[in-house]
Amino acid sequence: MKPTLLVLAAGMGSRYGGLKQMDGVGPNGETIMDYSIRDAIRAGFGKVVFVIRHSFENEFKAAINPQRFDNKIEMEYVFQELDKLPEGFKVPEGREKPWGTNHAILMAKDVVNEPFAIINADDFYGRDGFAVLGRALTEMAGKTNDYCMVGYRVGNTLSESGTVNRGVCTTDAEGYLTTVVERTGIGCEDNKIVFVDENNEKQPLDANAPVSMNMWGFTPDYFRHSEEYFINFLKEFGQEMKSEFYIPTMVNYLINNGTAKVKVLDTTSKWFGVTYAADRDGVVEKLQSLVDAGEYPTPLFK
């Protein structure tokens, strides 16, 4: 059974000024998602599921459909909406913010029955990242409570525009995730990578330290765990206007109570993405460089 790729594409792009997941940044107008899907097909994925919103459903489906990818991969769409909550809960009056990335995952529980990967629609993960994750997911078939994540080397995730914040991962002797510590102000200084600690002092950071870029691998039992814990989350935080049910929140809960373990996978791929409109030019340049180097054809799909 081939693994499935779950693409989180329901964001509205308020900071970017539009639907950044639909922006044509490749040499022939390709989106970042197009590159991810090509890499996923090459890595052996058999289906892609897009988590979107009804508000842009028609626009999205008109552009992102099986024909765009030469019908080389099965495709489905699910919808993340504020009112998709467990029985007995309702959206607090005035809330407009989505419920977060792990809520988005729950939207796919009825269409995913095999090991699956999670990625952001507007992040570029690279060929090796997908290859590493595809192999791991194939080996996870039939297992439960044994997950994985791709740990990008922090030196491969920096920005030319300024410092970044990253969740730096630590692992046990077998390579399983133990903690994720948020480090801020990460950048390059005197050819070394540093971060700013809680005392506002700069500290060194190994360029190969693994960080989480929201590229995860799960088996279907993860949906059941998420449904159960989401109820507890809503009881505690459901009346807050900006509370979000994040993937790390769920993963940390499962690790800390001993329910599951998460293998951290190394990759040589470089990550980049778009958060603000000012990031666009850099992404266009990086994709053009990859095409010029022969990593990707142009057009991406014929």
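Everything that follows concerns the structure shown earlier in this document.
A brief structural summary. (Residues numbered from 1 in each chain as written. Predicted model: local features only at pLDDT ≥ 70, side-chain atom pairs only at ≥ 80, totals over all residues. Heavy atoms only, no water.)

If you check helix α5 (residues 221-237), its first and last C-alpha atoms are 24 Å apart, about what 17 residues at 1.5 Å a residue would give, namely 24 Å. Turning to α5, its buried residues number three or more, namely D221, Y222, F223, H225, S226, Y229, F230, F233 and L234. Buried residues belonging to α5 abut α3 (101-106), β4 (116-120), β6 (146-153), β11 (210-218) and α6 (247-256). (Helix = DSSP H or I, 4+ residues; strand = E, 2+ residues; numbered from the N terminus. Expected span 1.5 Å × (residues − 1). Buried < 20%, exposed > 50% of the residue type's maximum accessible area, 1.4 Å probe, protein only. Contact = heavy atoms within 4.5 Å.)

On to empty space enclosed by the protein, then. The tally for this structure, following the rule as stated, stands at 2 cavities of 30 Å³ or more. Each pocket or cavity is described by its volume, and for the second largest cavity that value is around 30 Å³. Lining the second largest cavity, in full, are R53, Q80, E81, L82, P98, W99 and H103. Residues that form the lining of the second largest cavity fall into these classes: 3 nonpolar, 2 polar and 2 charged. (1 Å grid on protein atoms, 1.4 Å probe; cavity = no way out; pocket = protein on both sides within 12 Å on 5 of 7 lines; lining within 4 Å. Points joined across faces, edges and corners; volume = space filled by probe spheres on them. Nonpolar A, V, L, I, M, F, W, Y, C, P; charged D, E, K, R; others polar.)

So, on to the nonpolar core. One finds L5, V7, F50 and F60 to be the most contacted residues of the largest nonpolar core, which totals 58 residues. Sequence-distant contacts of F60, defined by excluding residues within four places in its chain, comprise A9, Q21, M22, M33, F50, I52 and Y77. Counting 39 residues, the second largest nonpolar core, distinct from the first, contains V49, W216, Y222 and V251. (Core = buried A, V, L, I, M, F, W, Y, C linked by side-chain atoms within 4.5 Å.)

Applying the stated rule across the entire model yields 13 salt bridges. Measuring nitrogen to oxygen at the nearest pair gives 3.8 Å for the salt bridge that ties K47 to E114. A residue pair is termed long-range when its members are at least 10 positions apart, and K47 in strand β2 (residues 47-52) and E114 in the loop between α3 and β4 qualify at 67 residues. On the basis of relative accessible area, K47 is assigned to the buried category, the value being 9%. For E295, the salt bridge goes to R127, with nearest N and O atoms at 3.9 Å. With E295 in the segment after α7 (280-292) and R127 in helix α4 (residues 127-139), the pair connects residues that are 168 residues apart, well separated along the chain. Using a relative accessible area of 35% as the deciding quantity, one classes R127 as partly exposed. Among the ionic contacts, a cluster of salt bridges with common partners joins K47, E76 and E114. (Salt bridge = Lys/Arg side-chain N within 4 Å of Asp/Glu carboxyl O.)

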